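In case you want the letters, here they are:
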Amino acid sequence: MRLKQVSLTASISVVAGLTTATVGLTGSTAWADSTAALPLSHYSHMLVDAAHRHIFFSQGAGSTGILVTDLSGAPVTTLADEPGATGLALSADGGTLYAALADGDALAAIDTATLTESTRIPTGTGSAPVSVAVAGGRIWYGCTDPAGGKGVIGSVDPSAADPAATPQPSMSHWSAAPLLATGGGVLAAEEPQQNLSHVATFDVSSGTASVKADTLVHGGTATGLQVTGDGARVLLAAPQSPALQAYRTSDLGSADPSVYYTGGVGSGPNSLAGDTDGTIAVGSTSGSAAGLYLYADSNSAENHITFPTGTLAPDGLEWGADGVTLYAVTRDSSGGYTLDVLGAPKLTDTQLSLNAPQYAVPTRQFTFTGSVSTKGFVPAGATLQVTRDGTPLPDATAAVGKDGSFTVSDTRQDEGAYTYQVSYAGDATHRAATASLTVHVAKLSTTIPFPDVSSATPHSVAFTGSLLTGPNLVSLPEGATVQVSRTNEDTQETTQLPSVPVDPATTEFTVTDAPDSAGRFTYHLSYAGDATHQPTSSTRSATRATPPTRRPPRPRSSRCPVRRRPCPSPPTGPRTHTARRPPSAPTSVRRTTAVRSRSTRSRPAARRRWSSPAPWTARGTCRPRTNSAAPRRSRRPSRATTATPRPRPPARPTTR
């Protein structure tokens, strides 16, 4: 059974021909074929016995037994009286499980068929062995030397009639019990030295240890140590290091590649598992992208997997004998342990994404596109299965191109929401993927803007309008017409006029009408819609079919707007000039005025003036005066007029 792969599901929504889509894809895969809670109070190491379909879990110092489950994590039994069981190792034939008993100062040999302890080999009082490995026909263990209190490596010949543990002080010097691992006839030992690790490698293929390399390397307190199947590299995982370190077993120099990162800032590897084909699984519980990373032939991660049940426990990874299944022990926030079984973690993650169609309207074919992406080679030519609302499409498959792209086309006759699902079944190297897409098929909206009126007379009304679609993606069908009606605003009578055709190329139409009488009319325009367009109407267009009235010209003899009396006609006879003088003007003044009057007769006719009761303008109309009713006030004080004549001064006497 495979649980859902939540990161490979996309949800997209398309609304009425508009390109709006939401795609949800995460950068890692959270999944497991099965999970099972483990009845453990502590966890130390895990060993998978695929031949007998059992998994063994040790709980470290302070524990009293070894938990045995089946390959799915269901408990089978607990091997009691195994005090402080820590390191675990399986014999070459798989018939015996060896356990280092830290609280029992011994090595326990357990029959994997009967799940009973067959032999217990003492390692010395106070030795507290913590690790065990099998290579070169011997059992190798790391413990504390009872004599000096320092670390030491020992060995046991299991084929002897009475197997005995023998310390090997020549196998380097250790300040604490070293951690052991074997592979390809090579034994590797490690102990922490602050932020470094003391590592030594030995050739034990013949049963006798010979030193290959012994030095300090980058590391820390190793929680994972493994030698590759060919014995060429030793892998070291320590939380103090930013990445898994890889060294050559020949000289403990950096291998190629030398590091395998667990992703994110502040990450540190805490567990590892290397398979016989070279695939390396490394996990981390800290950092911004903690989880499980799988590497194949390079230091570029092929897959990133997170666990929904918690984070990886130290030294919590183990490959199955089939080279396909990976077992992982995770720990949740409450301290509980869970076994996660990953059936095909080596498959490359595949992401399938879908792109919304540009528009989706009834009776018209619409197309949406997608792509298949992976960190390896794109599965070009692969077949994708396509369904609509759970039913396979008539052409139910789509092919993946060389660039990973594909297209899916469909036609719907009715409006509504349709869900499409595209599935990739996967292959020998790619994981399956599924994506879904919801398409809302709807008619396009239409509008009739206010038309341009070109004529509005009692017997001729004409205007041009447009039938617009939004967005203008699908052309109007041939033969589309706009219905027209006319309402007389005075009588409120409505008359249905003939429909007018719409030009599909320009979406324009022209309305011509000949009202019988003048008046104000409102024209109603409407479109009934079609298979791809919604109906619409417009009543905003109105025009007045009334001829314009002209104001008659004003007659010359009209009343003067200023004097409120008939304006006098201009003189018709010969123009004369009369000098006007005040009655009290002196004689000399009258003469001067007369002279000036006579002098004006010699002026040209264009500059002559005539005296008239009213000052005439050039057009013969009365020139308005300001405050004509009130007499003009002079700045000089007026002379008082009385009935008594003004006295004259006495006459001067004359002398003859």
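Predicted model only: the values in this text are computed from it and were never measured.

Q: Would you explain the overall build of the chain in this entry?
A: Across its full length, the chain carries 1 helix and 47 strands. Split into buried and exposed, the 656 residues of the chain put 42% on the buried side. For the chain, long-range pairs separated by at least 24 residues make up 51% of all intrachain contacts whose partners lie at least 6 apart in sequence. Approximately 34800 Å² of the chain is accessible, and the part contributed by carbon and sulfur atoms is 51%.

Q: Any chance you could explain the packing of aromatic side chains here in plain terms?
A: In this structure the tally under the stated criterion is 5 aromatic pairs. Relative to Tyr-295, the ring of Tyr-260 lies with its centre 5.0 Å away and its plane at 70°, an arrangement referred to as edge-to-face. Of the two residues, Tyr-260 is situated in strand E23 (residues 254–261) and Tyr-295 in strand E26 (residues 291–295); the sequence distance between them amounts to 35 residues. Residues Phe-463 and Tyr-523 carry aromatic rings whose centres are separated by 5.5 Å and whose planes lie at 70° to one another, so their mutual orientation is edge-to-face. Within this pair, whereas Phe-463 is found in strand E40 (residues 460–466), its partner Tyr-523 is found in strand E45 (residues 519–527), the two being separated by 60 residues in sequence. Of the two residues, Phe-463 and Tyr-523, both sit in the buried class. Taking NZ or CZ as reference, Lys-346 lies 4.7 Å from the ring centre of Trp-319, over its face.

Q: How should the pairing of strand E21 (residues 233–237) be read in this particular structure?
A: Regular strands have side chains that alternate between both faces of the sheet. Burial runs high along E21: 5 of the 5 residues are buried. Every second residue of E21 is oriented toward a common face, with Arg-233, Leu-235 and Ala-237 on one face and Val-234 and Leu-236 on the other, all of them buried. Pairing analysis gives 4 bridges linking strand E20 (residues 224–227) to E21, with the strands arranged antiparallel. Each bridged residue has a counterpart across the sheet, and for Gln-226 the counterpart in E21 is Leu-235. Once E20 ends, the chain turns through 5 residues before running back antiparallel as E21, passing Gly-231 with a positive phi of about 70°.

Q: What is the right way to read the sheet that holds strand E8 (residues 85–90) from this model?
A: Across a sheet, strands are paired by hydrogen bonds formed along the backbone, either parallel or antiparallel in direction. With antiparallel pairing, the 4 strands of this open sheet are ordered in space as E8-E9-E10-E11. At either margin of the open sheet sits one strand with a lone partner, and together these are E8 and strand E11 (116–122). For this sheet, the mean angle separating the axes of adjacent strands, direction not counted, is 25°.

Q: Help me understand the side chain of Thr-69 in this model?
A: By secondary structure assignment, the location of Thr-69 is in strand E6 (residues 66–69). Owing to a relative accessible area of 0%, Thr-69 belongs among the buried residues under this scheme. With near-sequence residues (within four places) excluded, Thr-69 lies in contact with Leu-38, Arg-53, His-54, Ile-55, Phe-57, Ala-74, Pro-75 and Val-76.

Q: So what exactly am I meant to see when it comes to the nonpolar core here?
A: One recurring pattern in soluble globular proteins: nonpolar side chains tend to sit buried together. In terms of nonpolar packing, the biggest core is built from 23 residues, with Leu-352, Leu-354, Leu-384, Phe-406 and Val-422 touching the most fellow members. Those elements that place two or more of their residues in this core are strand E31 (350–355), strand E32 (366–374), strand E33 (383–388), strand E34 (391–399), strand E35 (405–410), strand E36 (416–424) and strand E37 (433–441). It is E37 that contributes the most residues to this core, 5 residues altogether. When residues no more than four places from it in sequence are discounted, the contact partners of Val-422 are Leu-352, Leu-354, Phe-368, Leu-384, Gln-385, Val-386, Phe-406, Ala-433, Thr-434 and Ala-435. Ranked by size, the runner-up nonpolar core spans 17 residues in total, among them Leu-476, Val-482, Val-484 and Phe-509.

Q: For this particular structure, what's the right way to read the pattern of salt bridges?
A: Going through the model one piece at a time under the given rule, you end up with 7 salt bridges. Among the ionic pairs, Lys-346 bridges to Asp-277, the shortest N-O distance being 2.7 Å. Linking Lys-346 in the loop between strand E30 (337–342) and E31 with Asp-277 in the loop between strand E24 (269–274) and strand E25 (280–284), this pair joins segments that are 69 residues apart in sequence. Overall, Lys-346 belongs to the partly exposed group, its relative accessible area being 26%. Shared partners join several salt bridges into a network, and the residues in it are Glu-82, Glu-117 and Arg-120.

Q: Mind showing me how you'd approach the environment of Ser-91 here?
A: Following the sequence through the fold, Ser-91 ends up in the loop between E8 and strand E9 (96–101). Separated by 42 residues in the primary sequence, Ser-91 and Ala-133 have C-alpha atoms spaced 8.8 Å apart. Not counting chain neighbours up to four residues away, the residues in contact with Ser-91 comprise Thr-96 and Tyr-98. A distance of 2.5 Å separates polar atoms of two side chains, one belonging to Ser-91 and the other to Asp-93.

Q: In this structure, what is going on with unusual backbone geometry? I would like to understand it.
A: Peptide bonds are mostly trans, and most non-glycine residues show a negative phi. Geometrically, the link from Asp-256 to Pro-257 is a cis peptide bond, its omega value of -5° lying close to zero. Even without being a glycine, Asp-81 presents a positive backbone phi close to 55°. Following the sequence through the fold, Asp-81 ends up in the loop between strand E7 (75–79) and E8. Of note, Thr-507 is a non-glycine position whose phi angle comes to about 60°, a positive value. Locating Thr-507 in the fold gives a position in the loop between strand E43 (494–501) and strand E44 (508–513).

Q: What is the right way to read the side chain of His-54 from this model?
A: Structurally, His-54 is set in strand E5 (residues 54–58). When its relative accessible area of 14% is taken as the criterion, His-54 is described as buried. Those residues in contact with His-54 that sit more than four places away from it in its chain are Leu-47, Val-48, Asp-49, Val-68, Thr-69, Leu-71, Val-76, Thr-112 and Leu-115.

Q: Sorry, what's going on with a negative patch on the surface here?
A: Residues Asp-452, Glu-478, Asp-503 and Glu-508 make up a contiguous surface patch of negative charge. Considering the arrangement of structural elements, one finds Asp-452 in strand E39 (residues 452–457). According to the relative accessible area criterion, Asp-452 is exposed, its value standing at 60%.

Q: Help me understand the sheet that holds E23, please; the structure alone is not making it clear to me.
A: The 4 strands lie next to each other as E20-E21-E22-E23, forming an open sheet whose pairing is antiparallel. Edge positions in the sheet fall to E20 and E23, since each has one partner strand and no second. Averaged over all pairs of adjacent strands, the angle between their axes in this sheet comes to 15°, without regard to strand direction.

Q: Even after reading the chapter, I still don't get the environment of Ala-209, so can you show me in this structure?
A: Its location among the elements puts Ala-209 in the loop between strand E18 (196–203) and strand E19 (210–218). For Ala-209, a relative accessible area of 28% gives the class partly exposed. In this structure, the C-alpha to C-alpha distance between Ala-209 and Ser-155, residues 54 residues apart in sequence, is 9.8 Å. Leave out the neighbours within four places in its chain, and Ala-209 touches Trp-140, Met-171, Phe-202, Asp-203 and Val-204.

Rules used in this analysis
Position labels on residues start from 1 in each chain and follow its written sequence. Totals for whole chains, interfaces and linings use all residues, but because this is a predicted model, local features are given only for residues with pLDDT of at least 70 and pairs of side-chain atoms are given and counted only at 80 or more. Only heavy atoms go into the side-chain values, all of them from the structure, while hydrogens and water stay out. The helix and strand labels rest on DSSP assignments: H or I over at least four residues marks a helix, E over at least two residues marks a strand, and numbering proceeds from the N terminus. The cut-offs for exposure are 20% and 50% of the maximum accessible area for each residue type, with area from a 1.4 Å probe on protein chains only; residues under the lower value are buried, those over the upper are exposed, and the others partly exposed. In what follows, residue pairs with any heavy atoms lying within 4.5 Å of each other are defined as contacts. Here the Shrake-Rupley method, with its probe set to 1.4 Å, supplies the accessible areas, and only the displayed protein chains count as covering residues. Only Phe, Tyr and Trp rings are paired, with Trp represented by its six-membered ring, and only when their centres lie within 6.5 Å; those with planes under 30 degrees apart are stacked, over 60 edge-to-face, the remainder tilted. Whether a charge lies above a ring is judged from NZ of Lys or CZ of Arg, which has to be within 6 Å of the ring centre and within 35 degrees of the ring normal. When DSSP finds two or more bridges between a pair of strands, those strands are recorded as paired. Note on geometry: axes are C-alpha line fits, over the in-contact stretch for helices, and angles between N-to-C directions span 0 to 180 degrees. Residues belong to a common nonpolar core when they are buried Ala, Val, Leu, Ile, Met, Phe, Trp, Tyr or Cys residues joined through side-chain atoms within 4.5 Å. Whenever a carboxyl oxygen of Asp or Glu lies within 4 Å of a side-chain nitrogen of Lys or Arg, that contact is scored as a salt bridge. Nitrogen and oxygen atoms within 3.5 Å of one another constitute a polar contact, given that in protein one can donate a hydrogen and the other can accept it, and given that sequence-neighbouring residues count only through two side-chain atoms. Patch construction takes residues with relative accessible area above 30% that form no salt bridge. Like charges are linked within 9 Å, and nonpolar side chains (Val, Leu, Ile, Met, Phe, Trp, Tyr) are linked within 5 Å. A positive count includes Lys and Arg, and a negative count includes Asp and Glu. His and the chain ends are not counted in either. Working definition for charges: the position is that of NZ of Lys, CZ of Arg, CG of Asp or CD of Glu.

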